[in-house]
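Spelled out, the chains give:
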Amino acid sequence: MTPEQRIAYLRERGVMVETPEDRRRKEINDIMNEPDEIDGEDYEDLKFVMVPHDDSLPLKEVSVKVPKNRQANPSGDLMLVELKPWFRALSKKVDMGLFQDQATKHFGSSENPGQVSQEALMKVADQGQVESFTLVQPRESNRHTMVNIYLDEVGMLKRLPLNKRAAQFCGKAGFNPPPKFYGDVFLGRMKVKPVLKNIDFKLNIDTAPDAAWLQAATMENLEHQTAMNQITGRNDTQPVGDGENGVAKAEDGYTWTQNDEEIEIVISLKSEDGSSITSTKETKGGGGLKVKFFAKKMNVEFRKKDILSLSFYASVDPDGCTWTLDSDANGVNLVVTCEKNDGVSWPRVTV
């Protein structure tokens, strides 16, 4: 049982459990509900909803004090500023290896990441950068109102846990496959006409499965994308993650594919001289083939030599892991299938 499962087990039985993260959340909530002292300024509560990455924690309505006359002097999306203390207080350790992988994927060269120092990345993390993802585009049909997900801009680089419920909201809004979100996120609403203004997004009313905005989201997003494609002359589609849709991702010594439930790893077996093994009978001599599964890693031994050792990005169920041998024109392959515990897409196969 993982620490998260133990906490969930205790909470389900009425035991009060407070973690260090819970205490940080309370401190941040206290800060966020304290208005700045400005003479003559009237304030009101702006409501939005926190979606914790921990599924055992409920969604929570949060509010901040904002100036009542903000619509007279629009200064952009207030949530991008108000949420900085939250993301700044969480983990600040940036995974440079993961950053380099993502930069290479987007820019096509491993040279670009080297231009960004770890110090610069840590400075970004320390400032608490907030990113918004538009869940519903503003249209005439929704009175020019958009719904956003607010997230930690470097959440993945901090190796924050995946937020499955945030992805589920995206799936219901018509995003297929849904994007990946890391750590706690927030849901908020914003009007763009006649002036730019943040407005309330309420728990239960707006988070219910049959909420009006969610029921109309798929069609409104489709209309927006169609209109943008007509303007730009492009036919944009959502990007596919590594190893998804049956497209294998090549790594050093193996390839892998995935869906939300499992990950498949294919290893080409070689003889001692480096040539491909062409028959499954050849795998039985010299110590044979051994595959060991653990919650966060996997070891493969062939002819008494370790040929692959992987530390997984997230945990798997060892009892749900299997392997088999498969032959193709290039030789014999070891095909390993591991059942994921988290049930979501991984950005990479290893830590």
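First, a word on scope: everything that follows refers to the structure included in this document. (Residues numbered from 1 in each chain as written. Predicted model: local features only at pLDDT ≥ 70, side-chain atom pairs only at ≥ 80, totals over all residues. Heavy atoms only, no water.)

This part is about the sheet that holds strand β11 (residues 297–302). Strand order in the open sheet formed by three strands is β10-β11-β12, and the pairing between neighbours is antiparallel. Strands with a single pairing partner mark the edges of an open sheet, and in this sheet they are β10 (289–293) and β12 (305–311). When strand polarity is set aside, the average angle formed by the axes of neighbouring strands in this sheet is 10°. With six bridges joining them, β11 and β12 adopt antiparallel strand pairing. Counterpart to M298 in the pairing with β12 is L310. (Pairing = 2+ DSSP bridges. Helix = DSSP H or I, 4+ residues; strand = E, 2+ residues; numbered from the N terminus. Axes fitted to C-alpha atoms, helices over the stretch in contact; angles between N-to-C directions.)

Summed over the entire model, instances satisfying the criterion amount to six salt bridges. Put simply, D55 and K164 hold a salt bridge, and the shortest N to O gap is 3.4 Å. One end of the pair, D55, is in the loop between β1 (43–51) and β2 (60–67); the other, K164, is in helix α7 (residues 164–172), and 109 residues separate them in sequence. For K164, a relative accessible area of 25% translates into the label partly exposed. The closest approach of N and O atoms between D206 and R189, which form a salt bridge, is 3.1 Å. On the criterion of sequence distance, the pair formed by D206 in the loop between β6 (197–199) and α8 (212–232) and R189 in strand β5 (residues 185–191) is long-range, its members being 17 residues apart. For the pair shown, D206 and R189 are each scored as buried. Within the structure, one salt-bridge network assembled from shared partners comprises D55, K164 and R165. (Salt bridge = Lys/Arg side-chain N within 4 Å of Asp/Glu carboxyl O. Buried < 20%, exposed > 50% of the residue type's maximum accessible area, 1.4 Å probe, protein only.)

Together, D260, E261, E262, E264, D326, D328 and E339 line one region of the surface with negative charge. Where the negative patch is concerned, the elements lending two or more residues are β9 (262–268) and β13 (316–328). Inspection of the secondary structure assignment puts E339 in strand β14 (residues 331–340). A residue is classified by how much of its surface remains accessible, and E339, at 38% relative accessible area, is partly exposed. (Patch = residues over 30% accessible without salt bridge, like charges linked within 9 Å, V, L, I, M, F, W, Y side chains within 5 Å. Areas by Shrake-Rupley, 256 points an atom, 1.4 Å probe, with all protein chains shown as cover. Lys, Arg positive; Asp, Glu negative; His and termini not counted. Charge placed at Lys NZ, Arg CZ, Asp CG, Glu CD.)

Let us now look at the packing of aromatic side chains. Each aromatic ring pair is characterised by the separation of its centres together with the angle its planes make. As enumerated under the stated definition, the model contains eight aromatic pairs in all. By way of ring pairs, the aromatic residues F48, W86, F87 and F186 are connected into one cluster. Across the ring face of F294, the terminal group of K297 is positioned such that the distance to the ring centre comes to 5.1 Å. (Phe/Tyr/Trp six-rings, centres within 6.5 Å; stacked < 30°, edge-to-face > 60°. Lys NZ or Arg CZ within 6 Å of the ring centre and 35° of its normal.)

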